[in-house]
Amino acid sequence: VWLLGPRVSPVGFACLSFGWSPEAGGLVGHIEQLWIRTGVRGRGMASDVLLGLGTALAGSGVSHLSAYVPVEATTLFNRTGFRSQDGGQLFVRKL
């Protein structure tokens, strides 16, 4: 779990899990939940988090990052390099 924002007053969190995938060629990450406090949404924080996670995790050997994405968040995930698999709710970004 990563807390987002200032340590004394976080504005959200990202919860990830990790696994090994022979198909993906190694270590993969999955975003279990991404939450930003309602009062600070719309400022690009979620985009910054998704882009930053990708950079940090790639540097740690993670090859892919995935998430099950609700319809209202598909634009956010597309904008940050994720692509829908088979037109469904599973989005994947190769790192």
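Here is a short report on the structure shown in this document.

Here is what the cut-offs are and how they apply
- Residues numbered from 1 in each chain as written.
- Predicted model: local features only at pLDDT ≥ 70, side-chain atom pairs only at ≥ 80, totals over all residues.
- Heavy atoms only, no water.
- Phe/Tyr/Trp six-rings, centres within 6.5 Å; stacked < 30°, edge-to-face > 60°.
- Buried < 20%, exposed > 50% of the residue type's maximum accessible area, 1.4 Å probe, protein only.
- Pairing = 2+ DSSP bridges.
- Helix = DSSP H or I, 4+ residues; strand = E, 2+ residues; numbered from the N terminus.
- Contact = heavy atoms within 4.5 Å.
- Expected span 1.5 Å × (residues − 1).
- Axes fitted to C-alpha atoms, helices over the stretch in contact; angles between N-to-C directions.
- Polar contact = N/O pair within 3.5 Å; in protein donor to acceptor, adjacent residues only side chain to side chain.

1. Considering the packing of aromatic side chains
Summed over the entire model, instances satisfying the criterion amount to three aromatic pairs. A ring pair is formed by phenylalanine 77 and phenylalanine 82, whose centres lie 5.0 Å apart and whose planes are at 70°; its orientation type is edge-to-face. Taken individually, phenylalanine 77 and phenylalanine 82 each receive the classification buried, so the pair is uniform in this respect. Counting every residue linked through ring pairs, the aromatic cluster contains Phe77, Phe82 and Phe91.

2. Some details on the pairing of strand β2 (residues 12-21)
Bridge analysis of strand β1 (residues 2-4) against β2 gives three bridges, and the strand direction is antiparallel. If you follow leucine 4 over to β2, its bridge partner there is glycine 12. Bridge analysis of β2 against strand β3 (residues 26-36) gives ten bridges, and the strand direction is antiparallel. Bridge pairing links alanine 14 to leucine 34 in β3. Turn length for the β2-β3 hairpin, with the two strands adjacent in sequence and antiparallel, is four residues, and the turn residue glycine 25 shows positive phi of about 85°.

3. A word on the environment of serine 47
Here serine 47 is to be found in helix α1 (residues 45-58). Relative accessible area serves as the criterion here: at 13%, serine 47 is assigned to the buried category. Separated by 18 residues in the primary sequence, serine 47 and glycine 29 place their C-alpha atoms 17 Å from one another. Those residues within four positions of serine 47 in sequence are excluded, and the remaining contacts are Leu76, Arg79 and Thr80.

4. Thoughts on α1
Counted at 1.5 Å a residue, the expected span for α1 with its 14 residues is 20 Å, and the 20 Å between its end C-alpha atoms agrees. Looking at the buried side of α1, the elements it contacts are β1, β2, β3, β4 (64-68), α2 (74-79) and β6 (90-94).

5. Some words on the sheet that holds β6
Two modes of strand pairing occur in sheets, parallel and antiparallel, and in both the strands are linked by backbone hydrogen bonds. Here we have six strands laid out as an open sheet, ordered β1-β2-β3-β4-β6-β5, and mixed in their pairing. Two strands close off the open sheet at either side, each with one partner strand: β1 and β5 (83-84). For β4 and β6, the ladder comprises five bridges, and the chain directions are antiparallel. Within the sheet, the bridge partner assigned to histidine 64 lies in β6 and is lysine 94. Contacting β1, β2, β3, β4 and β6, α1 crosses the sheet at an angle of about 160° to β3.

6. Quick notes on the side chain of threonine 80
Among the secondary structure elements, threonine 80 is positioned in the loop between α2 and β5. Relative accessible area serves as the criterion here: at 3%, threonine 80 is assigned to the buried category. For threonine 80, the side chain forms a polar contact with the main-chain oxygen of phenylalanine 77, separated by 3.2 Å. Other than its neighbours up to four places away in sequence, threonine 80 contacts Ser47, Leu50, Leu51 and Arg93.

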